[in-house]
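Structural characterization, general
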Amino acid sequence: MSENQNLLAEQRRALIVDEVRRRGGVRVNELTRKLGVSDMTVRRDLDALARQGVLEKVHGGAVPVVEASTHEPGFEAKSGLELTAKEDIARAAAELVAPGSAIALSGGTTTYALAQHLLDVPDLTVVTNSVRVADVFHAAQRTSGQRQGAATVVLTGGVRTPSDSLVGPVADQAIASLHFDLLFLGVHGISLEAGLSTPNLAEAETNRRLVQSARRVVVVADHTKWGTVGLSSFAKLDQVDTWVTDTGLPEQARAEVSEHVRQLVVAGEPEAADRDADEAPDDDAES
């Protein structure tokens, strides 16, 4: 196969990063065969990903970056990763939102994807400390005008982080006085020992306030966040009501998470009830 025109550059690079993380390293010639693109295209992709800091180029290929617990990638660096998983998660999470709800969305690329699926849910009140999330709703209003049922958006103040979240005392004070039906929380890392964590100390405190103000906490995070630990923990797994993730989460991890989280939703898989119905014996066939 010559140049594969079916894959956008960002999709191709997301696949490369996933392959590097899954295998612990790849060679250029392996990627050219897998992706159906030229050697030069792969090398350009590796150069771009290395500049973003998501992998390290080595002779003949690439290996994962060993990140410090204080390393915080920027929004742009994360936005091209796990695109399919984030879209599946966003679509599944949007189904949890009822019209007229008061919801909160934290910063992150997955909550950003979720915001785009909430534009048609009427009469929402959306509280967010994410500049990117707020822009999604404001852009929709500018495009379509002030339509009936459009979301009311409250953007907190604060100091801007590399992931375009607003954190610090101003954000914390604003959030502490509010109460949400649902909190959709993007995270840097999830583990049994550390719970939910982030490399940013101020963001950890703001996330604690978000969790305290929510009646129900929903984590939206793809499988690559499992086992990652940031500098500061801000919630235990037992404080999470629902984790919406993707099919890449291993079975062992699912079993471990289910012992602590009240509900695990794996986007892209049939609901448990549907699976049970499919697996149930056919009484008519047996009679």
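Residue numbers restart at each chain and count upward from 1, following the sequence in its written direction. The predicted nature of this model means local features are confined to residues of pLDDT at least 70 and side-chain atom pairs, given and counted, to a pLDDT of 80 or more, with totals for whole chains, interfaces and linings taken over all residues. Side-chain measures here rest on the full set of heavy atoms in the structure, leaving out hydrogens and waters.

**Thoughts on the sheet that holds strand E13 (residues 232–235)**
- Whether two strands pair comes down to DSSP finding at least two bridges between them. Secondary structure is summarised from DSSP: a helix means a run of H or I of at least four residues, a strand means a run of E of at least two, and numbering begins at the N terminus for each. Pairing in this open sheet of three strands is antiparallel, and the strands run E10-E11-E13 from one edge to the other. Strand pairing shows two members of the sheet lacking a second neighbour, strand E10 (189–191) and E13, which therefore form its edges. The sheet shows a mean angle of 40° between the axes of neighbouring strands, taken without regard to direction.
- Where E10 lies against strand E11 (residues 195–198), three bridges are found, and the strand directions are antiparallel. By the bridge assignment, Ser191 is partnered in E11 with Gly195.
- Across the sheet, helix H9 (residues 201–212) is in contact with E11 and E13; its angle to E13 comes to roughly 5°. Between N-to-C directions, angles cover 0 to 180 degrees, with each direction set by a line fitted to C-alpha atoms, over the stretch in contact for helices. In this description, contact between two residues means that some pair of their heavy atoms is separated by no more than 4.5 Å.

**A word on the pattern of salt bridges**
- What makes a salt bridge here is a side-chain nitrogen of Lys or Arg within 4 Å of a carboxyl oxygen of Asp or Glu, nothing more. This model, assessed by the stated rule, comprises 13 salt bridges.
- Among the salt bridges present, the one from Arg160 reaches Asp164, with a minimum N-O distance of 3.1 Å.
- The class for Asp164 is buried, based on a relative accessible area of 10%.
- Ionic pairing is found between Arg254 and Glu251, a salt bridge with its closest N-O pair at 3.5 Å. Placement of both Arg254 and Glu251 in helix H10 (residues 251–258) is noted, with a separation of three residues, approximately one turn of the helix.
- Bridged by salt links that share partners, the residues Arg12, Arg13 and Asp45 form one connected network. Here's how the labels work: a residue is buried when its accessible area is under 20% of the maximum for its type, exposed when over 50%, partly exposed in between, all with a 1.4 Å probe on protein chains only.

**Observations concerning the sheet that holds strand E2 (residues 55–58)**
- Across the sheet, three strands lie side by side as E1-E3-E2; this open sheet has antiparallel pairing. With one partner strand each, in any of the chains shown, strand E1 (26–27) and E2 form the two edges of the open sheet.
- Alignment of E1 against strand E3 (residues 61–64), held across two bridges, turns out to be antiparallel. Bridged to Val26 within E3 is Ala62.

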